[in-house]
There are 2 protein chains.
Amino acid sequence: MPKETFFNLQADKRNLIISVAIYEFSKADYNTASINQICKKACIAKGSFYQYFADKLDLYVYVMTSAIEEKIKFFSSTITEFHNLTLLEQFRFLFKKGIEFAKKHPKYAALGEQFSKESDETAKSAVIKEGNKQSETLFMQMIHNAKAKGEIDNKVDTLALTLLLQSLNSAIYKYMQDKFESISYEHNEKDINAFVDSLLYIVFNGIKIKTD
Amino acid sequence: MPKETFFNLQADKRNLIISVAIYEFSKADYNTASINQICKKACIAKGSFYQYFADKLDLYVYVMTSAIEEKIKFFSSTITEFHNLTLLEQFRFLFKKGIEFAKKHPKYAALGEQFSKESDETAKSAVIKEGNKQSETLFMQMIHNAKAKGEIDNKVDTLALTLLLQSLNSAIYKYMQDKFESISYEHNEKDINAFVDSLLYIVFNGIKIKTD
DNA sequence: TGACAAGGTGACCAGGCGGTCATATAATAT
DNA sequence: ATATTATATGACCGCCTGGTCACCTTGTCA
């Protein structure tokens, strides 16, 4: 956690530091990201930085957990209608919400993507200890409920489906990044939605020729 | 490409350097991996290293492309029987071959996994330029053939399925890593095969309740 | 006005990095 | 025995890193 001094800062300055840090940590992994660069871009002295944060890890954990909290907040705000939906609708809803989040908060999304690649174990576990793993249990619970309701094939392995869905998340993100490189957002919205529906079609119907 | 001096080296020394480099580059990303450490562990002087390789990138590209070549060699040796198989059997074959490869050459597999996370664009594109993208086109061709043969549902989007299958690859790798952390290989072989089959069951049959 | 606290600063530290180079050694050819 | 070539070496370079600290500025009370 940042020191008290940091929270006593003017909001403008505080926000600048955080947004610079988000940029730095989404651009490069933990070891490569540089405190010196963050200080320079945020126009603060090195010494000031260490009056706000205990060390590099302190800032990293703070920024990452903020992004996670933001995402949870974003999702939970519209999840009330959730139990009325079928599983297909729930999945589509989640994926589309995910895309929406990435479009609304591209910096947080990039941060999350960078975190999922992070190979520094110290940095990784420091963030995870701070409270995570929600998405896995969320998927599992959804699947469990749908099975109980007789909505999906009992032969489907819950864990396998969970990992599959998590994989799809990053596949969608990669697809988005490719599409969004230099073209306008609006223009690609249809493409991405179609891509999500294609993935969901496979997951629900399988790829085998149907007999009916 | 390494300099001539490197290839004039005794095989033992050459292999030691390479295996140390493989270890270093599979443990950490391109920027974090250290030439100094490689020299120390391979018992060669810094100056010697730069008589073998032009720079860090030279070694990186050499090691990565070696791993890719090794994997291609491993696959192509047993792929003759391929056209007799159904698509399901082909996919199962590929995934199981992948697992086999990771078990036989865990260091190459770890290297590949690290590469897929690499965020240094210079390092990444230097390797890709050296010849890659085979797996994507392989999957696409397989799907295309299967569609022509009427083996899979035409409503399935080829690109979506390709990205899905690539995602599954890394999902399987993660599952393996979890399982293999401290227990014997043999003991988990059944688990992993079952996991692969669970994934393939979903991909082929979908998760929806069947009417037949 | 003076005292005390809180915040801001950048030179400085030790250590690591990728990369160089003059020099030393070994092996070969004349 | 000498000259020539190929290889081995580690001190050294400039640069960057995360982190420290003595000093300076600012603001708030008395």
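Residues numbered from 1 in each chain as written. Chains lettered and ligands numbered in written order. Predicted model: local features only at pLDDT ≥ 70, side-chain atom pairs only at ≥ 80, totals over all residues. Heavy atoms only, no water.

1. Side note on the environment of K124 of chain B
Residue and element names in this part refer to chain B. Note the following rule: Starting at the N terminus, helices and strands are each numbered in turn, a helix being any DSSP run of H or I of at least four residues and a strand any DSSP run of E of at least two. A contact between two residues is defined here by any heavy atoms of the two lying within 4.5 Å.
As for its position among the elements, K124 is in helix α8 (residues 121-129). C-alpha of K124 to C-alpha of L57: the two residues are 67 residues apart in sequence and 10.0 Å apart in space. With near-sequence residues (within four places) excluded, K124 lies in contact with F115 and E118.

2. A few points about the nonpolar core
Worth spelling out the cut-off: Put simply, buried Ala, Val, Leu, Ile, Met, Phe, Trp, Tyr and Cys residues joined by side-chain atoms within 4.5 Å make one nonpolar core. Any residue under 20% of the maximum accessible area for its type is buried, any over 50% is exposed, and the rest in between are partly exposed; the area is computed with a 1.4 Å probe on protein chains only.
Formed by 106 residues in total, the largest nonpolar core has its most connected members in F91 and I207 of chain A together with F91 and I207 of chain B. Other than its neighbours up to four places away in sequence, F91 of chain B contacts I207 of chain A together with F139, M142, I143, L165, L200 and F204 of chain B. Listed in part, the 30 residues of the second largest apolar core include I18, V20, I22 and V127 of chain B.

3. Quick word on the packing of helix α5 (residues 56-76) of chain B against α8 of chain B
Residues and elements named next belong to chain B. To keep things clear, this is the line we draw: Structural elements are reduced to axes, namely lines fitted to C-alpha atoms, with helices fitted over the stretch in contact, and the angle between N-to-C directions of any two is expressed from 0 to 180 degrees. Angular relationships are summarised with four words: roughly parallel below 35 degrees, roughly antiparallel beyond 145, roughly perpendicular across 65 to 115, and oblique for the angles in between. In this scheme, a crossing is called left-handed if the near helix is turned counterclockwise away from the far one by less than a right angle; it is called right-handed if the turn is clockwise. Residues are grouped as follows: Ala, Val, Leu, Ile, Met, Phe, Trp, Tyr, Cys and Pro are nonpolar; Asp, Glu, Lys and Arg are charged; every other residue, Gly included, is polar.
Viewed as axis vectors pointing N to C, α5 and α8 meet at an angle of 45 degrees, and their least axial separation amounts to 9 Å. Comparing their axes, α8 and α5 come out oblique. Note on packing geometry: the crossing formed by α5 with α8 is right-handed. The residues of α8 that touch α5, namely those facing L57, Y60, V61, M64 and I68, are T122, A123, A126 and V127. Its residues placed into classes, the contact of α5 with α8 shows eight nonpolar, one polar and no charged.

4. Brief notes about the protein's contact with DNA strand D
Which entries qualify depends on this criterion: Put simply, a residue is near a molecule or strand once any heavy atom of it comes within 4 Å of that molecule or strand. Between N or O atoms, a polar contact is any pair within 3.5 Å; within protein, one atom must be a potential hydrogen donor and the other a potential acceptor, and residues adjacent in sequence are included only when both atoms are from side chains.
Around DNA strand D sit 18 residues, and of these K46 and Y50 of chain A together with G47, S48 and Y52 of chain B come closest. Each atom of DNA strand D within 4 Å of the protein was assigned to sugar, phosphate or base; sugar and phosphate come to 57%. K46 of chain A places a polar side-chain atom, nitrogen or oxygen, 2.7 Å from a base oxygen of DNA strand D. Elements represented by at least two residues in the surface near DNA strand D include exactly α3 (35-42) and α4 (46-52) of chain A together with α1 (4-8) and α4 (46-52) of chain B. It is α4 of chain B that contributes the most residues to the surface near DNA strand D, four residues altogether. Of the residues assigned to the surface near DNA strand D, the class counts are six nonpolar, eight polar and four charged.

5. Here's the deal with the relation of the copies chain A and chain B
Keep this limit in mind: In superposing the copies, a least-squares fit is computed on C-alpha atoms, taking residues whose pLDDT is at least 70 in both.
After a rotation of 180 degrees and a shift along the axis of 0.1 Å, chain A superposes on chain B with an RMSD of 0.1 Å. What we have between these two chains is a two-fold relation. Ranked by how close their C-alpha atoms come to the rotation axis, the residues of chain A are headed by G206 of chain A, at 1.8 Å. By residue overlap, the copies meet face to face through one surface: 100% of the interface positions of chain A are interface positions in chain B.

6. Considering the protein's contact with DNA strand C
Taken together, 19 residues lie near DNA strand C, and G47 and Y52 of chain A together with S34, K46 and Y50 of chain B sit nearest. Close to the protein, within 4 Å, the atoms of DNA strand C belong to sugar or phosphate groups at a rate of 59%. Note that a phosphate oxygen of DNA strand C is positioned 3.0 Å from one of the side-chain N or O atoms of N8 of chain A. For DNA strand C, a phosphate oxygen lies 2.8 Å from a polar atom in the side chain of Y50 of chain B. Going through the elements one at a time, α1 (4-8) and α4 of chain A together with α3 (35-42) and α4 of chain B are the ones with two or more residues in the surface near DNA strand C. Element by element, the count of residues in the surface near DNA strand C is highest for α4 of chain A, at five residues. Residues belonging to the surface near DNA strand C are distributed by class as follows: six nonpolar, eight polar and five charged.

7. Points about the pattern of salt bridges
Residues and elements named next belong to chain B. Going by this rule: The salt bridge criterion pairs a side-chain nitrogen of Lys or Arg with a carboxyl oxygen of Asp or Glu, the two atoms within 4 Å.
Per the counting criterion, the structure on display carries 10 salt bridges over all chains. In this structure, E100 and K97 form a salt bridge, with 3.4 Å as the shortest nitrogen-oxygen distance. Remark: K97 and E100 occur in helix α6 (residues 87-104); sequence separation between them is three residues, near one turn of the helix. A relative accessible area of 38% means that E100 is categorised as partly exposed. Here K97 falls in the buried class, since its relative accessible area comes to 10%.

8. A look at the packing of aromatic side chains
All names here are of chain A. The following threshold applies: Here is the rule: rings of Phe, Tyr and Trp (six-membered ring for Trp) pair when centre to centre is within 6.5 Å. Planes less than 30 degrees apart are stacked, more than 60 are edge-to-face, and the remainder are tilted. A positively charged side chain is recorded as over a ring if its NZ (Lys) or CZ (Arg) lies within 6 Å of the ring centre. The angle to the ring normal must also be within 35 degrees.
Inspection of the entire model under this criterion finds 30 aromatic pairs over all chains. Every member of this aromatic cluster is reached through a ring pair, and the members are F6, F7, F49, Y50, Y52, F53 and Y62. One Lys or Arg, K56, reaches over the ring of Y30 and ends 4.9 Å from the middle of that ring.

9. Some points on unusual backbone geometry
Residues and elements named next belong to chain A. In this model, C43 sits at a positive phi of 55 degrees, which is unusual for a non-glycine residue. Inspection of the secondary structure puts C43 in the loop between α3 and α4. On the basis of relative accessibility, which here comes to 67%, the residue C43 falls in the exposed class.

10. Describing empty space enclosed by the protein
Condition: The pocket and cavity definitions rest on a 1 Å grid over protein atoms only: a 1.4 Å probe that fits but cannot leave marks a cavity, an open set with protein on both sides within 12 Å along at least five of seven lines marks a pocket, and residues lining either have an atom within 4 Å of a point. Grid points are joined across faces, edges and corners, and a volume is the space filled by probe spheres set on the points.
For the structure on display, the rule yields one cavity of 30 Å³ or more. Computed from the structure, the largest cavity encloses a volume of approximately 70 Å³. If you trace the largest cavity, you find it lined by D29, Q114, K117, E118 and S119 of chain A together with D29, Q114, K117, E118 and S119 of chain B. Every element with two or more residues in the lining of the largest cavity is listed here: α7 (106-117) of chain A together with α7 (106-117) of chain B. Grouping the amino acids of the lining of the largest cavity by side-chain chemistry returns no nonpolar, four polar and six charged.

11. A short note on the interface of chain A and chain B
Let me state the cut-off plainly: Throughout, buried area stands for the accessible area (probe radius 1.4 Å) lost by two parts on being put together, summed over both.
Between chain A and chain B, the residue contacts involve 39 residues of the former and 39 residues of the latter. Carbon and sulfur atoms supply 65% of the area that chain A and chain B bury against each other, a total of about 3400 Å² over both sides. Elements with a contribution of two residues or more to the side of chain A that touches chain B: α6 (87-104), α7, α10 (158-180) and α11 (185-205) of chain A. No other element matches the nine residues that α10 of chain A contributes to the side of chain A that touches chain B.

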